[in-house]
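Survey of secondary and tertiary structure
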Amino acid sequence: MTQRALDSSGEQTPGPSRPAMIDAGAELDPVHPVDLPPSAHDATGLTTAEVAERVARGEVNDVPVRSSRSVTEIVRANVFTRFNLIIGVLWVIMLFVAPIQDSLFGFVIVANTGIGIIQEWRAKKTLDSLAVIGEAKPTVRRDGVAAEISTHEIVLGDVVELGPGDKVVVDGTVAEADGLEVDESLLTGEADPVLKKPGDPVMSGSFVVAGGGAFTATKVGREAYAAQLAEEASRFTLVHSELRSGISTILKYVTWMMVPTAIGLIISQLVVKDNNFKDSVARTVGGIVPMIPEGLVLLTSVAFAIGVVRLGRKQCLVQELPAIEGLARVDVVCLDKTGTLTEGGMDITEVRPLNGSDEAYVHQVLRSLGSSDPRPNASLQAIIDAYPAGDEDGWAVTDAMPFSSARKYSGAAFTETDGTRSAWLLGAPDVLLPDGDATLTEIEHLNEQGLRVLLLARVRGGLDAPDAAEGATPTALVVLEQRLRPDAAETLKYFAQQNVATKVISGDNAVSVGAVAGKLGLAGAENTLDARKMPADPDDMATAMEQNAVFGRVTPQQKRDMVAALQSRGHTVAMTGDGVNDVLALKDADIGVSMGSGSEATRAVAQIVLLNNSFATLPSVVAEGRRVIGNITRVATLFLTKTVYSVLLAILVVCTQVEYPFLPRHLTLLSTLTIGVPAFFLALAPNKERAQPHFVRRVMRYAIPSGVIAATATFTTYLVARHHYSGPGALEAETSAATLTLFLTSMWVLAIIARPYTWWRIGLVAAMGLGFLIVLVVPWLQDFFALKLVGTTMPWTAVGIAAAAAALLECSWRLVGRRFGT
């Protein structure tokens with residue numbers, strides 16, 4: 001986009017480039033000050049005084065746009081949870097009836113909640129700072145000057161300019177239109193663009209697909225049609241996530257199991273057994289607390305939050321947190337060539353006159369075409385760079401047709417210096433030329449070299465004729481060389497290694513796109529297909545998509561259909577793009593990825609925005625998603641194993657009418673050493689395992705047998721100890737033996753989950769074992785945790801039972817792995 005002044009007739013005149021971003025509240029610096037009559041209000045925009053008046057009256061677009069939850073919402077979401085309420089009540093009870101060491105579980109919950117709040121606050125700061133960088137900057141006319149301002153600075157009556165890819169940020173009425181086509185599909189669901197003329201309304205949330213113009217803001221702030229939707233869409237969102245929904249399902253099942261079991265345990269310990277009341281309460285609470293996987297939700301939130309922070313450091317804005325997870329599950333990535341595999345700019349390598357055309361005359365036509373469009377695309381910009389307009393150019397633009405990805409060409413009509421009228425088209429040769437034309441063979445050879453070719457053709461009649469392209473006279477070939485992204489080859493190689501299929505979908509010639517992809521080492525780049533020959537049947541289209549890797553001459557609607565066809569075959573599809581022609585496909589893909597320099601419309605619908613415009617950032621996002629999913633699956637197995645053995649132990653206690661073997665302090669110690677501390681490190685560790693579906697089933701396949709084995713071994717040790725010990729202190733000795741078995745069995749579960757071993761994983765497991773050993777040998781820790789092994793027979797029996805349980809654990813995990821896969 002360029003900064004422009006307006007001449008006295010209201011026409012836009014090209015001006016020097018302006019910075020890509022202007023600070024909020026920055027003054028609008030005039031480029032070419034002009035004396036404008038008061039009647040040209042739409043052309044000049046508001047004056048500074050008028051803007052000040054409207055701001056004073058509150059007629060400003062003050063809708064707060066946030067990319068994350070507020071601090072209050074973060075605190076509320078982390079503190080006021082169902083399980084925090086249960087544990088909080090139990091904690092208060094324990095503070096009154098038992099020593100402080102039996103209330104340690106409450107302090108752990110406070111610490112965990114604090115960690116969750118801090119991590120999400122860090123993620124919020126990262127999101128907010130990145131959102132400012134990626135914020136849309138509409139072009140507004142004030143005092144006769146067009147310049148970018150922040151969206152929230154727009155006031156009622158502002159004249160806002162529009163060009164291809166620009167999003168309509170407030171409601172308004174069209175003041176100027178030059179082939180202005182607006183897509184309102186995000187509001188109405190109707191995919192066909194709407195041609196807008198002066199006086200027509202435009203709604204916030206729509207975007208420009210072709211042409212240009214300007215509109216006058218008639219509704220700003222919360223009065224705008226899509227203001228509330230836009231605000232909601234730009235906030236911290238929790239869209240569908242298999243990980244989050246899976247954990248919610250697990251918590252629902254846990255609640256169903258926990259309530260009746262806890263009631264039975266309370267009755268068993270307080271009514272059936274005639275023991276010390278406070279001790280019964282303590283043991284009842286000790287049975288209820290470990291049933292709750294309180295750290296699982298916390299670690300999931302922390303893993304996502306840290307993922308956002310890590311990616312933020314790489315200039316990657318994750319607009320929806322589960323997108324990190326989603327991209328890790330992707331098995332097909334659809335790439336738009338321009339802006340993804342190639343850089344935005346292009347260079348003209350050759351201009352070949354056709355049919356005896358004069359080379360100097362062709363250059364003049366190209367020079368004039370460059371001057372005809374105030375918002376040139378990359379191809380036209382290359383022409384402008386090669387043939388800049390000079391002061392001596394006397395061709396007057398009488399009509400202009402902006403480039404449309406649906407048409408595949410643009411055009412302009414001129415009155416030449418001698419008064420001759422001419423009209424020209426510039427676009428795809430295979431669209432403008434009839435099949436079988438000899439020139440197409442010449443173009444094919446150029447395309448095979450990875451070069452992009454445009455055809456300059458002279459129109460018989462006017463541009464507004466419905467058949468303007470038919471019968472146009474080929475005048476010259478414009479050969480362009482695209483700049484390959486230096487990091488694209490490595491990124492394509494990464495996806496190939498990860499068994500992620502890559503499909504290049506482009507509006508350019510299929511052979512040319514295939515040559516570019518081949519230069520970058522894309523597997524199957526030779527398998528190209530012209531989308532005009534693509535079958536319309538969704539099933540046949542899906543087959544064609546799976547058999548080919550490169551697709552050319554794809555229309556925006558076809559991109560959308562192609563994504564849907566792949567999804568119909570069970571593929572998880574990511575779509576990358578930066579142009580307005582990619583919006584529909586980005587919106588429908590499982591994960592939409594936009595370049596930061598892309599159009600406002602693409603950034604608005606994408607879940608992930610690469611602010612550094614680097615395709616090479618995608619592997620980092622995939623790796624972060626795999627880290628989150630793989631690690632949460634690991635730690636979820638740890639947490640759910642504890643829940644299963646806790647519920648089963650409580651049921652066994654109720655059925656056998658014995659004292660519950662543990663006090664809260666024992667299970668706090670076990671949970672900290674075998675779950676809490678290890679899970680925190682494992683949840684944040686590197687993990688490159690490919691994401692697998694069916695999270696709940698995969699976790700429960702391992703957690704249920706592990707929990708059953710742990711509970712059975714522990715209760716067996718407890719029953720044996722009850723027959724071995726007698727007299728005063730017997731219950732404490734029985735508890736110590738059962739605790740030893742449960743710790744060793746849980747440690748074996750941890751040792752299995754920590755595989756494959758690295759030096760730090762081995763060190764982590766060893767440190768947890770050492771921590772428990774210190775508790776057993778240091779006298780004051782023995783007293784604090786009420787753990788003291790009595791004699792040698794029962795402790796060694798406990799170790800033997802734990803060893804048998806470990807062997808069963810190994811067999812069950814291997815059996816599950818062979819039967820269901822990992």
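Everything discussed here concerns the structure shown above.
Residues numbered from 1 in each chain as written. Predicted model: local features only at pLDDT ≥ 70, side-chain atom pairs only at ≥ 80, totals over all residues. Heavy atoms only, no water.

It is worth spelling out the overall build of the protein at this point. A tally of helices and strands in the protein yields 28 helices and 23 strands. Taking all 822 residues of the protein together, the buried fraction comes to 56%. Within the protein, contacts between residues separated by at least 24 positions form 73% of all contacts whose residues are at least 6 apart in sequence. (Helix = DSSP H or I, 4+ residues; strand = E, 2+ residues; numbered from the N terminus. Buried < 20%, exposed > 50% of the residue type's maximum accessible area, 1.4 Å probe, protein only. Contact = heavy atoms within 4.5 Å.)

All right, on to the nonpolar core then. Ranked by size, the top nonpolar core spans 89 residues in total, and within it Phe-695 and Phe-772 carry the most contacts. Every residue in contact with Phe-772, bar those within four places of it in the chain, is listed here: Leu-669, Leu-670, Leu-673, Thr-739, Leu-740, Phe-743 and Leu-787. Grouped together as the second largest cluster of nonpolar side chains are 38 residues, Leu-311, Phe-495, Leu-522 and Val-622 included. (Core = buried A, V, L, I, M, F, W, Y, C linked by side-chain atoms within 4.5 Å.)

Per the stated rule, a full pass over the model turns up three cavities of 30 Å³ or more. There is about 50 Å³ of room inside the largest cavity. Leu-638, Thr-641, Lys-642, Tyr-645, Thr-674, Ile-675, Ser-746 and Val-749 are the residues that line the largest cavity. Looking at the lining of the largest cavity, the elements that each hand over two or more residues are helix 22 (618-656), helix 23 (664-683) and helix 25 (730-753). The leading source of residues in the lining of the largest cavity is helix 22, at four residues. (1 Å grid on protein atoms, 1.4 Å probe; cavity = no way out; pocket = protein on both sides within 12 Å on 5 of 7 lines; lining within 4 Å. Points joined across faces, edges and corners; volume = space filled by probe spheres on them.)

This part takes up the packing of aromatic side chains. Evaluation of the coordinates by the stated rule reveals twelve aromatic pairs. Consider the rings of Phe-743 and Phe-772, whose centres lie 3.9 Å apart with planes at 10°: the pair is stacked. On the criterion of sequence distance, the pair formed by Phe-743 in helix 25 and Phe-772 in helix 26 (residues 759-777) is long-range, its members being 29 residues apart. Across the pair, exposure class does not vary: Phe-743 and Phe-772 are buried alike. Geometrically, the ring pair formed by Phe-784 and Phe-785 is edge-to-face, given 5.0 Å between the ring centres and 80° between the ring planes. Judged by relative accessible area, which is 25%, Phe-784 ranks as partly exposed. Take Phe-785: its relative accessible area is 10%, and that puts it in the buried class. Aromatic ring contacts, followed pair by pair, group Tyr-361, Trp-395, Phe-414 and Trp-424 into a single cluster. (Phe/Tyr/Trp six-rings, centres within 6.5 Å; stacked < 30°, edge-to-face > 60°.)

Here we come to the sheet that holds strand 11 (residues 332-335). On the basis of which strands lie adjacent, the open sheet formed by eight strands has the order 10-23-22-21-11-18-20-19 and mixed pairing. The open sheet has two edge strands with one neighbour each: strand 10 (316-318) and strand 19 (528-530). Pairs of neighbouring strands in the sheet enclose a mean axial angle of 20°, with direction left out of account. Relative to strand 21 (residues 573-577), strand 11 is paired through three bridges, and the arrangement is parallel. (Pairing = 2+ DSSP bridges. Axes fitted to C-alpha atoms, helices over the stretch in contact; angles between N-to-C directions.)

A word on the packing of helix 10 (residues 294-312) against helix 23. It is the contact of helix 10 with helix 23, at a shortest axis distance of 10 Å, that shows an interaxial angle of 25°. What the angle tells us is that helix 10 and helix 23 run roughly parallel. Relative to helix 23, the crossing made by helix 10 is right-handed. Taking contact as the criterion, the partners of Leu-299, Val-302 and Ala-303 in helix 10 are, on helix 23, Ala-679, Phe-680 and Ala-683. The residue makeup of the contact of helix 10 with helix 23, split by class, is six nonpolar, no polar and no charged. (Parallel < 35°, antiparallel > 145°, perpendicular 65-115°, else oblique. Left-handed = near helix turned anticlockwise from the far one by under 90°. Nonpolar A, V, L, I, M, F, W, Y, C, P; charged D, E, K, R; others polar.)

Turning next to unusual backbone geometry. Cis rather than trans, the peptide bond between Arg-755 and Pro-756 has omega equal to -5°. Tracing the backbone shows Pro-756 in the loop between helix 25 and helix 26. Even without being glycine, Asn-499 reaches a positive phi, approximately 60°. With respect to the secondary-structure elements, Asn-499 resides in the loop between helix 16 (488-497) and strand 18 (501-505). The class for Asn-499 is exposed, based on a relative accessible area of 57%.

This paragraph deals with the environment of Ser-371. Along the chain, Ser-371 turns up in helix 12 (residues 359-372). Only 3.2 Å separates the side chain of Ser-371 from the backbone oxygen of Arg-367, close enough to count as a polar contact. (Polar contact = N/O pair within 3.5 Å; in protein donor to acceptor, adjacent residues only side chain to side chain.)

We now examine helix 18 (residues 538-547). Within helix 18 the residues assigned to the buried category are Met-541, Ala-542, Ala-544 and Met-545. One side of helix 18 holds all its buried residues, which, seen down the axis, span an arc of 160°. Residues of helix 18 that are buried in the fold lie against strand 18, strand 19, strand 20 (550-552) and helix 19 (556-568). Where helix 18 starts, the residue carrying a side-chain oxygen 3.1 Å from the main-chain nitrogen of Asp-539 turns out to be Asp-537. (Arc of directions from axis to C-beta.)

Moving on, we get to the pattern of salt bridges. Across all of its chains, the model carries 19 salt bridges by this definition. Here Glu-176 ties to Arg-141 by a salt bridge, and the two come within 2.7 Å at their closest N and O atoms. Of this pair, Glu-176 sits in strand 6 (residues 171-183) while Arg-141 sits in strand 3 (residues 139-142), placing them 35 residues apart in sequence. Owing to a relative accessible area of 0%, Arg-141 belongs among the buried residues under this scheme. Here Arg-722 ties to Glu-659 by a salt bridge, and the two come within 3.0 Å at their closest N and O atoms. Placement of the pair is Arg-722 in helix 24 (residues 695-724) and Glu-659 in the loop between helix 22 and helix 23, with a sequence separation of 63 residues. Judged by its relative accessible area of 29%, Arg-722 falls in the partly exposed class. Judged by its relative accessible area of 13%, Glu-659 falls in the buried class. Look at the salt bridges and you will find they share partners, linking Asp-430, Asp-530, Arg-532 and Arg-553 into a network. (Salt bridge = Lys/Arg side-chain N within 4 Å of Asp/Glu carboxyl O.)

In this section: the pairing of strand 13 (residues 396-404). Taken together, the six bridges between strand 13 and strand 14 (residues 409-415) define a ladder with antiparallel strand orientation. Of the residues in strand 14, the one forming a bridge with Met-401 is Gly-411. Hairpin connection from strand 13 to strand 14: four residues lie between these consecutive antiparallel strands, with Lys-408 at a positive phi of about 75°.

All right, on to the side chain of Ser-368 then. Note on placement: Ser-368 falls in helix 12. Overall, the relative accessible area of 6% leaves Ser-368 in the buried class. Those residues within four positions of Ser-368 in sequence are excluded, and the remaining contacts are Trp-395 and Phe-414.

Looking at the secondary structure, you find Leu-750 in helix 25. Here Leu-750 falls in the buried class, since its relative accessible area comes to 0%. Separated by 113 residues in sequence, Leu-750 and Thr-637 have C-alpha atoms that sit 9.4 Å apart.

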